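Coordinate analysis (summary)
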Amino acid sequence: TLRNAEFDGAWAAGSGQFTARPGAWLVYGIVFGMGRHPLIVLAIQAVIGIATAVVFFRLLRRFVPVELAFAAALAWLVLPNHTSLEVWASATNIALSTLLVVGAALLLARDELETPRLVAAVACLAGSALCYEAVIPLAAAVAIGVPWLAAGRINKRAVVAAFVVLGAVALWIVTHWKPEKH
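Described below are features of the structure shown in this document. For every chain, the first residue of its written sequence is number 1, and the numbers climb from 1 along that sequence. Given that the model is predicted, a residue must reach a pLDDT of at least 70 before its local features are reported, and side-chain atom pairs must reach 80 or more before they are shown or counted; all residues, however, enter totals for whole chains, interfaces and linings. Values shown for side chains rest on all heavy atoms present in the structure; no hydrogens or waters enter the calculation.

**Some words on the layout of surface pockets**
The probe, sized like a water molecule, is rolled over the atoms to show the empty space still left. For clarity, the cut-off: Method remark: on a 1 Å grid restricted to protein atoms, a set of points is classed as a cavity if a 1.4 Å probe fits but cannot get out and as a pocket if it is open with protein on both sides within 12 Å along at least five of seven lines; lining residues have an atom within 4 Å of a point. Grid points are joined across faces, edges and corners, and a volume is the space filled by probe spheres set on the points. Segments assigned H or I by DSSP are reported as helices when at least four residues long, segments assigned E as strands when at least two residues long, and all are numbered from the N terminus. Only Asp, Glu, Lys and Arg are considered charged in this grouping, and only Ala, Val, Leu, Ile, Met, Phe, Trp, Tyr, Cys and Pro are considered nonpolar; every other residue, Gly among them, is considered polar.
Quantified by volume, the largest pocket comes out at close to 270 Å³. Forming the boundary of the largest pocket are 15 residues, of which Phe56, Leu59, Val102, Ala105 and Val142 lie nearest the centre. Those elements that provide at least two residues to the lining of the largest pocket are α3 (38-61), α6 (92-108) and α8 (136-151). Partitioning the lining of the largest pocket into residue classes produces 13 nonpolar, two polar and no charged.

Right, dumping it as structure tokens:
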């Protein structure tokens, strides 16, 4: 990846990702195209990790007391259960995917889900899946579960919108998969 960025330019860094995972391609272009110094990558990953903890805290505040939400967000920051997302440059797309799916959950955590919020949430779910396809089952569960927890009922608009978009993303990924990625 570094060789691609060095010799072919920043946007060649994730060239193997472009067709199936355009979100990962964009992340790789930024992360590996900014030079070889590891502190740059570490700073990008730290910003994503901190943003994830903040959004996670805000999401949990909708459902649990502030002390518990703070403890969970703090645990996210300090426990080594996701260390590869913090120190492995090639996992930055996964960290961003995590941030986007948690952001979508926060947007969906409302009693009444107005259209602009639903569109933003589904866009976050799609962006998350385009960065890392393994998040698609979690994204589908978020679309079903979070509105149900917030309002006490399944939001059919959220489920249909998310499933249509996630289905389209999954179809894109499957039909544009690079054979060498098998």
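**Overview of a nonpolar patch on the surface**
Definition in use: Within this analysis, patches are made of residues with over 30% relative accessible area and no salt bridge. Like charges are joined at 9 Å or less; nonpolar side chains (Val, Leu, Ile, Met, Phe, Trp, Tyr) at 5 Å or less. Reported accessibility uses the Shrake-Rupley method at a 1.4 Å probe radius. Residues are deemed covered only where the shown protein chains occlude them. Salt bridge criterion: a side-chain nitrogen from Lys or Arg within 4 Å of a carboxyl oxygen from Asp or Glu.
Judged by side-chain polarity, Ile50, Val54, Phe70, Leu74, Leu77, Val78 and Leu79 come together as a nonpolar surface patch covering roughly 640 Å² of accessible area. Secondary-structure elements contributing two or more residues to the nonpolar patch are α3 and α4 (66-78). For the nonpolar patch, the leading source of residues is α4, giving four residues. Relative to the helices and strands, Leu74 resides in helix α4.

**Comments concerning the nonpolar core**
So the rule is basically this: Side-chain atoms within 4.5 Å link the members of a nonpolar core, which is a set of buried Ala, Val, Leu, Ile, Met, Phe, Trp, Tyr and Cys residues. Relative accessibility thresholds used throughout: buried, under 20% of the residue-type maximum; exposed, over 50%; partly exposed, between the two (1.4 Å probe, protein chains only). Throughout, a residue-residue contact means that at least one pair of heavy atoms, one from each residue, lies within 4.5 Å.
If you look at the biggest cluster of nonpolar residues, it comprises 40 residues, and the most contacted ones within it are Val31, Val101, Leu108, Leu125 and Leu166. If you list the elements that add at least two residues to this core, you get α2 (22-33), α3, α6, α7 (115-131), α8 and α9 (156-175). Every residue in contact with Val101, bar those within four places of it in the chain, is listed here: Leu125, Ser128, Val135, Leu138, Ala139 and Val142.

**Observations regarding the packing of α6 against α7**
Heads up, the condition is: Throughout, an axis means a line fitted to C-alpha atoms (over the contacting stretch in the case of helices), and angles, computed between N-to-C directions, take values from 0 to 180 degrees. Each angle gets one of four labels, with under 35 degrees taken as roughly parallel, over 145 as roughly antiparallel, 65 to 115 as roughly perpendicular, and the rest as oblique. Left-handed describes a crossing in which the near helix is turned anticlockwise from the far one by less than a right angle; the clockwise case is right-handed.
Running from N to C, α6 and α7 cross one another at 160°; their axes reach a closest spacing of 8 Å. Relative to α7, the element α6 is oriented roughly antiparallel. Regarding α6 and α7, the two cross each other, and that crossing is left-handed. Of α7, the residues touching α6 (which contributes Asn93, Leu96, Ser97, Leu100, Val101, Ala104, Leu106, Leu107 and Leu108) are Arg117, Leu118, Ala120, Ala121, Cys124, Leu125, Gly127, Ser128 and Cys131. Residue composition of the contact of α6 with α7, grouped by class: 13 nonpolar, four polar and one charged.

**Observations regarding the pattern of salt bridges**
Under the counting rule described, the total for this entry stands at three salt bridges. Notably, a salt bridge pairs Glu112 with Arg153, separated by 3.4 Å at the nearest N-O pair. Of this pair, Glu112 sits in the loop between α6 and α7 while Arg153 sits in the loop between α8 and α9; the two residues are 41 residues apart in sequence, bridging distant segments of the chain. For Glu112, a relative accessible area of 57% gives the class exposed. A salt bridge links Arg117 to Glu114; the shortest N-O distance between them is 3.1 Å. When its relative accessible area of 21% is taken as the criterion, Arg117 is described as partly exposed. On the accessibility criterion, Glu114 (41% relative accessible area) is partly exposed.

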